[in-house]
Amino acid sequence: MKPTVKIIECPRDAMQGIKMFIPTEKKVQYIQALLRVGFDTLDFGSFVSAKAIPQMVDTTEVLAQLDLSKTQSKLLAIVANTRGAEEAAQHKEIQYLGFPFSISENFQMRNTHKTIAESLITLQEILEIANKSNKEVVAYLSMGFGNPYGDPWNVDIVGAWTERLTKMGVSILSLSDTVGSSTPEVIDYLYSNLIPAYPTIEFGAHLHTTPDSWFEKIDAAYKAGCLRYDGAIKGYGGCPMAKDDLTGNMPTEKMLSYFTANKIDTNLSAMSFESAYNEALKVFNFYH
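Residues numbered from 1 in each chain as written. Predicted model: local features only at pLDDT ≥ 70, side-chain atom pairs only at ≥ 80, totals over all residues. Heavy atoms only, no water.

## A word on unusual backbone geometry
Residue K234 is not a glycine yet carries a positive backbone phi of 65°. The topology assignment puts K234 in the loop between β9 (228–231) and β10 (248–249). Using a relative accessible area of 40% as the deciding quantity, one classes K234 as partly exposed. (Helix = DSSP H or I, 4+ residues; strand = E, 2+ residues; numbered from the N terminus. Buried < 20%, exposed > 50% of the residue type's maximum accessible area, 1.4 Å probe, protein only.)

## Side note on the pairing of strand β5 (residues 136–142)
Walk down a regular strand and you will see the side chains alternate between the two sheet faces. In terms of residue burial, β5 counts as a mostly covered element, since six of its seven residues are buried. Relative to β5, strand β4 (residues 94–102) runs parallel, the two sharing seven bridges. Each residue of the ladder has a partner; that of F101, found in β5, is L141. Sheet topology places β5 next to strand β6 (residues 172–176); five bridges connect them, and they run parallel. Note on β6: the bridge partner recorded for V138 is I172. Following the chain from β5 across helix α7 (residues 155–168) to the adjacent parallel β6, one finds a crossover that is right-handed. (Pairing = 2+ DSSP bridges. Right-handed = clockwise from strand over helix to strand, strands pointing away.)

## Focus on a negative patch on the surface
Together, E185, D188, D212 and E216 make up a region of like negative charge exposed at the surface. Within the element layout of this structure, E216 appears in helix α9 (residues 214–223). We classify E216 as partly exposed; its relative accessible area is 39%. (Patch = residues over 30% accessible without salt bridge, like charges linked within 9 Å, V, L, I, M, F, W, Y side chains within 5 Å. Areas by Shrake-Rupley, 256 points an atom, 1.4 Å probe, with all protein chains shown as cover. Salt bridge = Lys/Arg side-chain N within 4 Å of Asp/Glu carboxyl O. Lys, Arg positive; Asp, Glu negative; His and termini not counted. Charge placed at Lys NZ, Arg CZ, Asp CG, Glu CD.)

## A few points about the environment of S257
Following the sequence through the fold, S257 ends up in helix α10 (residues 252–261). The class for S257 is partly exposed, based on a relative accessible area of 37%. Spatially, the C-alpha atom of S257 lies 36 Å from that of D151, the residues being 106 residues apart in sequence.

## So, the packing of α9 against α10
Relative orientation and spacing of two packed helices are given, respectively, by the angle between their axes and the distance between those axes. It is the contact of α9 with α10, at a shortest axis distance of 10 Å, that shows an interaxial angle of 55°. Classed by the angle they form, the pair α9 and α10 counts as oblique. As α9 packs across α10, the resulting crossing turns out to be right-handed. Contact residues: α9 offers W214, F215, I218, D219, Y222 and K223, while α10 offers K254, M255, S257, Y258 and F259. (Axes fitted to C-alpha atoms, helices over the stretch in contact; angles between N-to-C directions. Parallel < 35°, antiparallel > 145°, perpendicular 65-115°, else oblique. Left-handed = near helix turned anticlockwise from the far one by under 90°. Contact = heavy atoms within 4.5 Å.)

## Things to note about the confidence of the model for the protein
Summary statistics for the protein give a mean pLDDT of 92 and a share of 95% for residues scoring 70 or more. Per-residue pLDDT stays below 50 along residues 240–244; that stretch engages in eight contacts with residues further than four places along the chain or on separate chains. (pLDDT = per-residue confidence, 0-100.)

## Let's talk about the side chain of S142
Following the sequence through the fold, S142 ends up in strand β5. Excluding its chain neighbours within four sequence positions, the residues that come into contact with S142 are F101, S102, I103, F107, S176 and T178.

## Overview of helix α11 (residues 270–287)
Every α-helical turn comprises 3.6 residues, leaving residues that sit three or four positions apart pointing alike. A rise of 1.5 Å per residue sets the reference length of α11, with its 18 residues, at 26 Å; its end C-alpha atoms lie 26 Å apart and thus fit the reference within 8%. Taken together, the buried positions of α11 are F273, A276, E279, A280, V283, F284 and Y287. Viewed end-on, α11 has its buried residues packed into an arc of 125°, placing them on one side of the element. Exposed side of α11, more than 90 degrees from the buried face: A270, M271, E274, K282, N285 and F286 are the residues found there. Contacts from the buried residues of α11 go to α1 (11–15), α2 (24–35) and α10. (Expected span 1.5 Å × (residues − 1). Arc of directions from axis to C-beta.)

As structure tokens, then:
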């Protein structure tokens, strides 16, 4: 019997780059629709600087208005520093704190205005906050599949960082394809080597893709043993620094078509997904 895969839907990633502010009640309505689908986790908001990501300034208000009484989905919030982690940790409804950790010095500075050395200290502090508040940290290893900024990158470097973060206490590590640079060969090589080497780590795939390369990326990751996937309906969002306008998040509906065709269980309700998909079209077509 094939193991169930976990699908993490990322409305936060889809919304954060949209300049026109999406009203809080619209966000709540959309996230509420997603909560009915059966996703393992929703990456629903972030506790970061309002100046850096103005779209997420109302994360606390959104959380307060969600009805979580009938959902099995867990909530994940992105944090970039200890202040954000402390703020997120005050909310018992949040199970996961997500921290973007780049193995590219250039990108870490762009993303969090910290060096890698400073980010390691921040990550250690976030792990301590999570432990005290009964939460878990999901570390995103950004530039995990390649580096367009000229920093050194190879699979051994990714392996070394995996080992370092494991020793710090990270148990969920999502390799992130920040600008869509992953290839099936690199995806296969990384997961095929890392998953058996670190049996205590739950490895995830946060893949960005162009419309014509999604299949080969999912196919490579699944066949290499990855069972945790981030996606966003219609592929909305993606890295604001991506050079290619067509590069977005992995479209959730494409992933579901792959898993359904291969008879792989995702625990999702097809009818509720269709309803959430229609809700996404309404929100993103109007506010994009």
